[in-house]
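The residues making up each chain are set out below.
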Amino acid sequence: MEFHEKLQELRKQKGLTQEALAEAIFVSRTAVSKWESGRGYPNIDSLKFIFSVVIIYFHLVRSIPKWVGNSDFFSQLAQDCKGCHLIVECFLIIAGAFIYSGYKRHQKSFIDFSISRIVRLWPVMFVYVVSIGLLRNMRLESHLADLFFLRCTGLSLENKEIVWYISPFFWGSLFIFAALQAFKQKISLLLFAVIAWIAYSININHLGGNVGREIVYSWLSLGMIRCIAGLCVGVLLAALQESYRINYQQFPKTQLVFLFSSIVEITCCGLLIYIFFVDKIILNSFIVIVLFSFLLLSFTSLKGGGCISFLLRNNVLSSFGKYCYSIYVMQLPSFIILEKTLWKKPWFWESSAIGIFLSLLFSVGIGISVYYLIEKPGYQFLNSFFSKLRKSANSQK
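Here the structure is a predicted model, which means the values were calculated and not measured. (Residues numbered from 1 in each chain as written. Predicted model: local features only at pLDDT ≥ 70, side-chain atom pairs only at ≥ 80, totals over all residues. Heavy atoms only, no water.)

Attention shifts here to the nonpolar core. Counting 114 residues, the largest nonpolar core has Tyr128, Tyr165, Ile166, Phe276, Phe292 and Val329 as the members making the most contacts within it. The greatest single-element share of this core, amounting to 13 residues, is contributed by helix H11 (residues 222-243). For phenylalanine 276, the contacting residues outside a window of four places in its chain are Phe51, Asp80, Cys81, Lys82, Gly83, Cys84, Leu86, Ile87, Cys90 and Val288. (Core = buried A, V, L, I, M, F, W, Y, C linked by side-chain atoms within 4.5 Å. Buried < 20%, exposed > 50% of the residue type's maximum accessible area, 1.4 Å probe, protein only. Helix = DSSP H or I, 4+ residues; strand = E, 2+ residues; numbered from the N terminus. Contact = heavy atoms within 4.5 Å.)

What follows concerns unusual backbone geometry. Unusually for a residue other than glycine, phenylalanine 149 sits at a positive phi of about 55°. Along the polypeptide, phenylalanine 149 turns up in the loop between helix H8 (144-147) and helix H9 (166-182). Looking at phenylalanine 149, the relative accessible area reads 5%, which means it is buried. Phi is positive for cysteine 152, close to 60°, though the residue is something other than glycine. Looking at the secondary structure, you find cysteine 152 in the loop between H8 and H9. Residue classification places cysteine 152 among the buried residues on the basis of a relative accessible area of 1%.

Turning next to the pattern of salt bridges. Tallied over the full model, the rule gives five salt bridges. One salt bridge in this structure joins glutamate 375 and arginine 120, with 2.5 Å as the shortest N-O distance. With glutamate 375 in helix H18 (residues 352-395) and arginine 120 in helix H7 (residues 110-136), the pair connects residues that are 255 residues apart, well separated along the chain. Of the charged contacts, one joins arginine 151 and aspartate 146 as a salt bridge, the two residues approaching to 2.6 Å between their closest N and O atoms. (Salt bridge = Lys/Arg side-chain N within 4 Å of Asp/Glu carboxyl O.)

Set out below in structure tokens:
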């Protein structure tokens, strides 16, 4: 029995509604519904939020203006966390896994899936484009590539902004879904394995062991194929979990399972932290994909997971998982606001650690605000609009 099935069974045994359970563990009813339907896991939601904060930190120490004192200190911090850019691969693998599980559960049409992607991604991206235009006094057309999800796809020369991977993710998601619908499962999974191998091989060999988003061979976007490869790996992991689900009744002692899961999780997390924050020369980025794949399988496939999965199954921390997209997209606008205000104040940097912490807090706060002001109501409005449009079209047939 998987996590979402066990959660639903235990809730019903206790005679609790989803609302009552949500109130008892201090999360929203939507979160409980998502967990019970298999569209999410509390430990994964917690991990996504932690990754979002680390990504902000990674970009933050590179965005500190030159007039801030102790610039050598920030340069050293930037050097120490240079491997954190590979967290994008982890986000993509998680997304690929949930695209596959969502496809297996709901069997949406390609049009419906495309609309769901637009409804999910576009409102916050629109706010990002408008806010960047206002804060930088730039014309709107300079960011049209973002509005039409063309940045870093090979169809636009723009590939330098923090939000570079949103557009490849959008088109990569559509490709994954279309392939799942067009081919039998074994053929589509074989196709995804070949694509992931080719895409990562091109990236790693072209960049000497790293992955990037440059245009090579005059037309090929490394960022685009990198995103598709990450999504493919996520799909393959989800399919593996589905096909070779571990039945814990086979094990006489679940403590051994917990111990094994804990060893896997501690080893993977320890090595990932070393790569993200310690390793100065990343010899091969593919090791991150391998390590995180094992970690994700432990978090989602093994009943209960290990000790790290248990710690991340924190109700408060997991409730922040829904803010990740807004937090990620709104990083740059929050940095520009800080550059124009607090970063100019000498007192703000009297303690570099406090300055970084307050900057992180401000960026996360902007992202959470945008979630409630734009992402959530925007999703509800656009979802309702397209639903009415679909019903109107069906009634005319």
